[in-house]
Amino acid sequence: MKSIDKKILEKFDDNNAFIRITKPANVDSSLKAALNRKGNQKFNEGDIENAKRIFMTTGYSDGLSRVGDYYIFNNRPLEALRMFYLAHDKKKSEPLIEKLGILLQGLIHDDEQEVKNV
């Protein structure tokens, strides 16, 4: 396995190892709008985690996508993929899925080479 691939995989603890998907809650439209405003305020204040929780609750795709962009900028690609997936943002999620596929292919290839060399 390439050392850079190992470094990438070592960044993920048990909480970040899987992409957990949840459905947005059924929220009244006026409450949803108020929550989205609060989420936008939290995001703009730099409170990304609370903004994310609000956007996940309401299913606010624009907010989820912005949180995903934040995660990309901060080198957290699996969290970014999760946000883009929840936002139904294929334009941003598909390139990450492709990169993940290439990484997995490399890991499988390296493992196969190690087995052949034993």
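What comes next is a walk through the structure. (Residues numbered from 1 in each chain as written. Predicted model: local features only at pLDDT ≥ 70, side-chain atom pairs only at ≥ 80, totals over all residues. Heavy atoms only, no water.)

**Considering the environment of Y70**
Reasoning step 1: Position of Y70 among the secondary structure elements: in helix α4 (residues 61-73).
Reasoning step 2: Sequence separation between Y70 and F43 is 27 residues, and the spatial gap between their C-alpha atoms is 9.8 Å.
Reasoning step 3: Setting aside residues no more than four positions away along its own chain, Y70 makes contact with F43 and I48. (Helix = DSSP H or I, 4+ residues; strand = E, 2+ residues; numbered from the N terminus. Contact = heavy atoms within 4.5 Å.)

**Overview of the side chain of K52**
Reasoning step 1: By the element assignment, K52 lies in helix α3 (residues 48-58).
Reasoning step 2: Taking relative accessible area as the criterion, K52 reaches 9% and is therefore assigned buried.
Reasoning step 3: Polar contacts involving the side chain of K52 include one to the side chain of E49, which spans 3.3 Å.
Reasoning step 4: In contact with K52, other than residues within four places in its own chain, are V67, Y71, E79, R82 and M83. (Buried < 20%, exposed > 50% of the residue type's maximum accessible area, 1.4 Å probe, protein only. Polar contact = N/O pair within 3.5 Å; in protein donor to acceptor, adjacent residues only side chain to side chain.)

**Details of the nonpolar core**
Reasoning step 1: Ranked by internal contacts, the top residues of the largest apolar core, which has 15 residues, are F43, F55, L64, V67 and M83.
Reasoning step 2: Of all elements in the fold, only α3, α4 and α5 (77-86) reach the threshold of two or more residues within this core.
Reasoning step 3: Per element, the largest residue contribution to this core is 5 residues, and it comes from α5. (Core = buried A, V, L, I, M, F, W, Y, C linked by side-chain atoms within 4.5 Å.)

**Side note on the packing of helix α2 (residues 29-44) against α3**
When two helices pack together, their arrangement is captured by the angle between the axes and the distance separating the axes.
Reasoning step 1: Interaxial distance between α2 and α3 falls to 8 Å at its minimum, and their mutual angle equals 160°. Looking at the two axes, α2 sits roughly antiparallel to α3. In this structure, α2 meets α3 at a crossing whose hand is left-handed. Residue-level inspection shows K32, L35, N36, K38, G39, N40, K42 and F43 of α2 in contact with α3, the latter providing I48, N50, A51, I54, F55 and T58.
Reasoning step 2: Of the residues that constitute the contact of α2 with α3, the class distribution is 6 nonpolar, 5 polar and 3 charged. (Axes fitted to C-alpha atoms, helices over the stretch in contact; angles between N-to-C directions. Parallel < 35°, antiparallel > 145°, perpendicular 65-115°, else oblique. Left-handed = near helix turned anticlockwise from the far one by under 90°. Nonpolar A, V, L, I, M, F, W, Y, C, P; charged D, E, K, R; others polar.)

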